Amino acid sequence: ILNVEQSPQSLHVQEGDSTNFTCSFPSSNFYALHWYRWETAKSPEALFVMTLNGDEKKKGRISATLNTKEGYSYLYIKGSQPEDSATYLCASPPLVFGKGTRLSVIA
Amino acid sequence: DTGVSQDPRHKITKRGQNVTFRCDPISEHNRLYWYRQTLGQGPEFLTYFQNEAQLEKSRLLSDRFSAERPKGSFSTLEIQRTEQGDSAMYLCASSSESLGTGGAGANVLTFGAGSRLTVL
């Protein structure tokens, strides 16, 4: 069974700080990697779908990179805002999700 | 299209009762997935359908769990003889995938808001 690991488990940052988290996955039989953002009391919302080694994707202040050869992806948030507070999930879709990184941005 | 709908949003039941959750996916999506999420964990895959065919069900937690998607549109997840350990959030998601990708998926999953089950 594939194992997707995310670190750190939780993170507290000050408003305006930039931050990043890691998703590790088995590099063999790679197909795609997804990032989702999950706010409390809402549905998980897709951020990025990444398929190619070296992929870099950006959405506003959030960006992600992918290294399929070594089996990791980074999610970056530049200038964190309180509204970025959420759990960020990565997945080797659709079967295996990581436990998520819970981000709290303190104003 | 209003996205993925799940019903009920909350269900409180007594141990030993049966419960059924319904999921209405995005209409043009051919894949539908069920997950369970407990506190501090990511979504745990249970089963998925491609149209009306259930292509993976070995991850269903026990034989008390079953799912159907009879016409390839909405789906139901039933838990029989509920136990307190079944208390969790049950999430449904849908996507559009071509045949032949196996269980993998490159297209985004659109999630519903979930059905929270509490077994007393």
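Check the entry above for the structure.
Residues numbered from 1 in each chain as written. Chains lettered and ligands numbered in written order. Predicted model: local features only at pLDDT ≥ 70, side-chain atom pairs only at ≥ 80, totals over all residues. Heavy atoms only, no water.

Remarks on the sheet that holds strand S6 (residues 56-59) of chain A
Two strands in a sheet stick together by hydrogen bonds in their backbones, pointing the same way (parallel) or opposite ways (antiparallel).
Residues and elements named next belong to chain A.
Here is step 1 of the chain: Pairing is antiparallel in the open sheet, where five strands are placed in the order S1-S3-S8-S7-S6. Since the sheet does not close on itself, it has two edges, and those belong to strand S1 (5-7) and S6, each with one partner. Strand-to-strand, the axes of this sheet are offset by a mean angle of 15 degrees, without reference to chain direction.
Here is step 2 of the chain: The pairing of S1 with strand S3 (residues 19-24) spans three bridges and is antiparallel. Considered in S3, the bridge of Glu5 is made with Ser24. (Pairing = 2+ DSSP bridges. Helix = DSSP H or I, 4+ residues; strand = E, 2+ residues; numbered from the N terminus. Axes fitted to C-alpha atoms, helices over the stretch in contact; angles between N-to-C directions.)

Concerning the interface of chain B and chain A
Here is step 1 of the chain: Counting residues at the interface gives 21 residues for chain B, matched by 17 residues for chain A.
Here is step 2 of the chain: Of the roughly 1800 Å² buried between chain B and chain A, counting both surfaces, carbon and sulfur atoms make up 65%.
Here is step 3 of the chain: Where chain B meets chain A, there are three residue pairs in polar contact (both at pLDDT 80 or more).
Here is step 4 of the chain: When residues in the side of chain B that touches chain A are grouped by element, the largest group, three residues, is from strand S4 (residues 31-37) of chain B. (Contact = heavy atoms within 4.5 Å. Buried area = accessible area lost by both parts, 1.4 Å probe. Polar contact = N/O pair within 3.5 Å; in protein donor to acceptor, adjacent residues only side chain to side chain.)

Topic: the sheet that holds strand S7 (residues 65-68) of chain B
Residue and element names in this part refer to chain B.
Here is step 1 of the chain: Read across the sheet, four strands follow the order S1-S3-S8-S7 without closing on themselves; strand pairing throughout is antiparallel. Each having just a single partner strand, strand S1 (5-7) and S7 make up the two edges of the open sheet. Mean inter-strand twist for the sheet, computed between neighbouring axes without regard to direction, equals 15 degrees.
Here is step 2 of the chain: Pairing between S1 and strand S3 (residues 19-24): three bridges, direction antiparallel. Looking across to S3, one finds that Asp7 is bridged to Arg22.

Focus: the pattern of salt bridges
Here is step 1 of the chain: Scanning all chains against the criterion turns up seven salt bridges over all chains.
Here is step 2 of the chain: One salt bridge in this structure joins Glu44(B) and Arg36(B), with 3.5 Å as the shortest N-O distance.
Here is step 3 of the chain: Glu44(B) sits in the partly exposed class, given a relative accessible area of 34%.
Here is step 4 of the chain: Of the charged contacts, one joins Arg64(B) and Asp86(B) as a salt bridge, the two residues approaching to 2.8 Å between their closest N and O atoms. Here Asp86(B) lies in the loop between strand S8 (75-79) and strand S9 (88-95) and Arg64(B) lies in the loop between strand S6 (53-56) and S7, a separation of 22 residues in the sequence. Asp86(B) carries the same exposure label as Arg64(B), and that label is buried.
Here is step 5 of the chain: Via salt bridges that share partners, Arg37(A), Glu39(A) and Lys42(A) belong to a single interconnected network. (Salt bridge = Lys/Arg side-chain N within 4 Å of Asp/Glu carboxyl O. Buried < 20%, exposed > 50% of the residue type's maximum accessible area, 1.4 Å probe, protein only.)

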